[in-house]
Amino acid sequence: LKIKTTVVVVFKWKKRKCLHKMSGLTNGGETHGYRWGQTLSEVTVHIPIGDARGRDINVKVGRQHICIGRRMDQDALLEGTLWKPVLVDETEWVVDGGVLEVKLAKDNRRDENVQLGPSSEWWNGIIQGEDSLDRGAVSVDDYVRRGEIPPEQQAALCREQAEIMSMRDAAAAKAAAATKVELALPQSTRENLASLRRSFPDIPIEYGDTSAA
């Protein structure tokens, strides 16, 4: 009979002077409760905690599970199954300026990493089922050095970057054309458009001539 066990490490806060500088976040995204970013070797999460101190925070990290919360509050700040397995013993966290920073070490030693290369450790979110990656801000150069990527993956990444740049250029051109059209409209029409956008900020409102429809 084999018994499978899961190890969960509770990281204890030690009172110390914080000399840590918060990491910049790239290749990640933002949700209502936290911001995150990643490199080839680690995932970094920033959680705003107000005036809470390190000893007020409880951080539990397992092989593929995370639970972060305030000690006196039953509601978790972040909890769920991680996007991919992590190296528990190499997890670090610190509180600075009202922000909790958690660094999760990616498990680059798994067999699939050898076969598939760096792309196998790419995260689309922190929690499985919550895709929060900002694809418009992806930067391969901030994720991995080109020399670490197999040639076929380098070609694929170049194609993806070209597609992203093409989408950005098309969106910019469309916005510029729309602005030019609106500037030529009567002032009363421009004021009506501005009023509609203030009233419905979540709805994209563009001017168009429907008289021929």
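Above this text is the structure in question.
Just so we're clear, the structure is a prediction, and the values are computed from it rather than from any experiment.

J.: Quick rundown of the sheet that holds strand S2 (residues 29-30)? Include the residues and the values.
T.: The five strands are arranged S2-S3-S4-S9-S8 in an open sheet whose pairing can be described as antiparallel. Each end of this open sheet is capped by a strand with a single partner; those strands are S2 and strand S8 (92-96). Both strand S4 (residues 42-48) and strand S9 (residues 99-105) contribute to a ladder of seven bridges, which runs antiparallel. Counted as the bridge partner of Ile47 is Leu100 from S9.

J.: Mind laying out the pattern of salt bridges, listing which residues take part and the relevant values?
T.: Evaluated as defined, the whole model comprises four salt bridges. Linking Asp107 and Arg63 is a salt bridge whose minimum nitrogen-to-oxygen distance equals 2.7 Å. Taken together, the residues Asp107 in the loop between S9 and helix H1 (111-116) and Arg63 in the loop between strand S5 (57-62) and strand S6 (65-70) connect sequence positions 44 residues apart. With a relative accessible area of 6%, Asp107 lands in the buried category. Using a relative accessible area of 35% as the deciding quantity, one classes Arg63 as partly exposed. A salt bridge links Asp131 to Arg135; the nearest nitrogen and oxygen atoms lie 2.8 Å apart. Here Asp131 falls in the partly exposed class, since its relative accessible area comes to 43%.

J.: With reference to specific residues and values, describe the environment of Glu92.
T.: Residue placement: Glu92 occurs in strand S8. For Glu92, a relative accessible area of 52% puts it in the exposed group. Here the alpha-carbon distance between Glu92 and Lys103, two residues 11 residues apart in the chain, equals 5.1 Å. If we ignore the near neighbours within four places in the chain, the residues touching Glu92 are Glu101, Val102 and Lys103.

J.: Please give an account of the pairing of strand S3 (residues 35-38) that cites residues and values.
T.: Where S2 lies against S3, two bridges are found, and the strand directions are antiparallel. From the neighbouring strand, Glu30 faces S3, where its bridge partner is Arg35. Judged from the four bridges that link them, S3 and S4 form a sheet pairing that is antiparallel. When the sheet's bridge partners are listed, Trp36 is paired in S4 with Val45. Hairpin remark: S3 followed by S4, antiparallel, with three residues in the connecting loop.

J.: Break down the pairing of S5 for me, with residues and values.
T.: Counting buried residues in S5 gives five out of six residues, a clear majority hidden from the surface. Examined bridge by bridge, S5 and S6 share five bridges and lie antiparallel to one another. Across the sheet, residue Ile57 finds its bridge partner in S6, namely Arg70. Connecting the antiparallel pair S5 and S6 is a turn made up of two residues.

J.: Can you tell me about unusual backbone geometry, naming the residues and giving the values?
T.: Non-glycine residue Asn27 carries a positive phi angle of around 55°. Locating Asn27 in the fold gives a position in the loop between strand S1 (8-11) and S2.

How each quantity is defined
Residues numbered from 1 in each chain as written. Predicted model: local features only at pLDDT ≥ 70, side-chain atom pairs only at ≥ 80, totals over all residues. Heavy atoms only, no water. Pairing = 2+ DSSP bridges. Helix = DSSP H or I, 4+ residues; strand = E, 2+ residues; numbered from the N terminus. Salt bridge = Lys/Arg side-chain N within 4 Å of Asp/Glu carboxyl O. Buried < 20%, exposed > 50% of the residue type's maximum accessible area, 1.4 Å probe, protein only. Contact = heavy atoms within 4.5 Å.

Geometric descriptors of this kind do not, in isolation, establish any biological role.
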